[in-house]
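# Working through the structure, step by step
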Amino acid sequence: MADTALISPLAHAAGRLAAATRGSGGAIRLAELPFLTQLNVRFDAKGPAAEAVGLALGLQLPLQPNTVVRAGELTALWLGPDEWLLVDQPGSERDLESRIREAAGAEAVSVTDVSAQRTTLLVTGPRAADLLAHGCALDLHPRAFGPGRCAQTTLGRTQVVLVARDEPRAGFWVLVRSSFAGYLADWLLDAATEYV
């Protein structure tokens with residue numbers, strides 16, 4: 001029988017990410033958050049499904065560009081006027097999809113499980129924004145890209161979804177396609193040598 005155990009896209013880099021974290025003396029922390037549930041959701045934000053889906057999820061989906069709303073472990077990222085990315089704990093995709101579809105009723109809604117498409121890198125610490133700024137054109141100063149903000153951008157020439165986490169000193173999530181995760185981890189580790 002074949003081994004069906006899941007291996008995260010950055011399992012091979014876990015030791016190097018941990019070593020960079022230790023070597024930085026607390027300046028940065030790098031880690032993979034593997035297997036988070038990620039659902040791409042699309043529907044008319046001004047239609048009747050919007051309020052019903054928000055109630056079913058226990059949060060109002062963000063309507064302002066590049067903003068994030070969080071309730072418990074569930075995080076909703078605004079990706080476009082009619083598009084959101086829901087990020088939750090591993091294994092919650094079926095429950096979330098069921099709640100969304102039931103709440104939407106007869107309204108047109110698209111729910112796509114993209115969990116396997118991306119992995120998530122956690123970048124925290126007092127120098128996290130400085131590290132990311134080496135390869136990101138966004139102004140990452142908290143006044144411009146503070147807690148509760150997100151953006152589809154590039155980091156080290158790789159397309160990512162960047163999220164400024166909402167807890168104090170929680171840093172950033174970098175959602176990257178699994179096929180580019182190894183490259184981006186190498187890029188981050190190279191850029192982190194300044195702090196190690």
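The present account deals with the structure reproduced in this document.

Basis of the calculations
Residues numbered from 1 in each chain as written. Predicted model: local features only at pLDDT ≥ 70, side-chain atom pairs only at ≥ 80, totals over all residues. Heavy atoms only, no water. Helix = DSSP H or I, 4+ residues; strand = E, 2+ residues; numbered from the N terminus. Buried < 20%, exposed > 50% of the residue type's maximum accessible area, 1.4 Å probe, protein only. Contact = heavy atoms within 4.5 Å. Areas by Shrake-Rupley, 256 points an atom, 1.4 Å probe, with all protein chains shown as cover. Lys, Arg positive; Asp, Glu negative; His and termini not counted. Charge placed at Lys NZ, Arg CZ, Asp CG, Glu CD. Polar contact = N/O pair within 3.5 Å; in protein donor to acceptor, adjacent residues only side chain to side chain. Pairing = 2+ DSSP bridges. Core = buried A, V, L, I, M, F, W, Y, C linked by side-chain atoms within 4.5 Å. Disulfide = S-S within 2.5 Å. Expected span 1.5 Å × (residues − 1). Salt bridge = Lys/Arg side-chain N within 4 Å of Asp/Glu carboxyl O.

### Here's the deal with the overall build of the protein chain
A count of helices and strands for the protein chain gives 5 helices and 10 strands. The principal-axis extent of the C-alpha atoms belonging to the protein chain is close to 55 × 55 × 25 Å. Per-residue burial over the protein chain gives 48% buried out of 196 residues. When contacts within the protein chain are restricted to residue pairs at least 6 apart in sequence, long-range pairs at least 24 apart make up 62% of them. Of the roughly 9900 Å² that the protein chain leaves accessible, carbon and sulfur atoms contribute 52%. For the protein chain, the distance from the average site of its 17 positive side-chain charges to the average site of its 21 negative ones is 6 Å.

### Some thoughts on the environment of histidine 134
For histidine 134, the location among the structural elements is in the loop between α4 (128–133) and β8 (149–155). Judged by its relative accessible area of 44%, histidine 134 is partly exposed. Between the C-alpha atom of histidine 134 and that of glutamine 89, which follows or precedes it by 45 residues, the distance is 30 Å. In this structure the side chain of histidine 134 is engaged in a polar contact, spanning 3.0 Å, whose partner is the side chain of glutamate 194.

### Let's talk about the pairing of β8
The pairing of β8 with strand β9 (residues 158–164) spans 7 bridges and is antiparallel. Looking at the pairing, arginine 149 lines up with alanine 164 of β9. With antiparallel pairing between neighbouring strands as the criterion, β8 and β9 make up a hairpin whose turn holds 2 residues, including glycine 156 at a positive phi of roughly 55°.

### Details of the nonpolar core
In terms of nonpolar packing, the biggest core is built from 32 residues, with Leu30, Leu131, Leu132, Leu155, Val174, Leu184 and Leu188 touching the most fellow members. Mapped onto this core, the elements with two or more residues apiece are α1 (14–23), β7 (118–124), α4, β8, β9, β10 (172–177) and α5 (178–191). If you look at the next biggest cluster of nonpolar residues, it comprises 20 residues, including Ala50, Val53, Ala76 and Val111.

### Examining the state of the cysteines
For the structure shown, the criterion picks out 0 disulfides. With no disulfide partner, cysteine 136 has as its closest neighbouring cysteine sulfur the one in cysteine 150, 13 Å distant. Accessibility expressed as a relative area gives 9% for cysteine 136, which makes it buried. Overall, cysteine 150 belongs to the buried group, its relative accessible area being 1%.

### Concerning α5
With 14 residues, α5 should cover 20 Å at 1.5 Å per step; its first-to-last C-alpha distance of 20 Å lies within 8% of that length. Those residues of α5 lying buried are Ala181, Gly182, Leu184, Ala185, Trp187, Leu188, Leu189 and Ala191.

### Considerations on the pattern of salt bridges
Scanning all chains against the criterion turns up 7 salt bridges. A salt bridge links aspartate 82 to arginine 42; the nearest nitrogen and oxygen atoms lie 2.7 Å apart. With aspartate 82 in the loop between β4 (74–80) and β5 (83–88) and arginine 42 in strand β2 (residues 37–42), this residue pair connects regions lying 40 residues apart in the sequence. The residue arginine 101 makes a salt bridge to glutamate 97 at a minimum N-O spacing of 2.9 Å. In this pair, arginine 101 and glutamate 97 both sit in helix α3 (residues 93–104), 4 residues apart, roughly one turn of the helix. Residue classification places arginine 101 among the partly exposed positions, given a relative accessible area of 37%. Bridged by salt links that share partners, the residues Arg42, Asp82 and Glu83 form one connected network.

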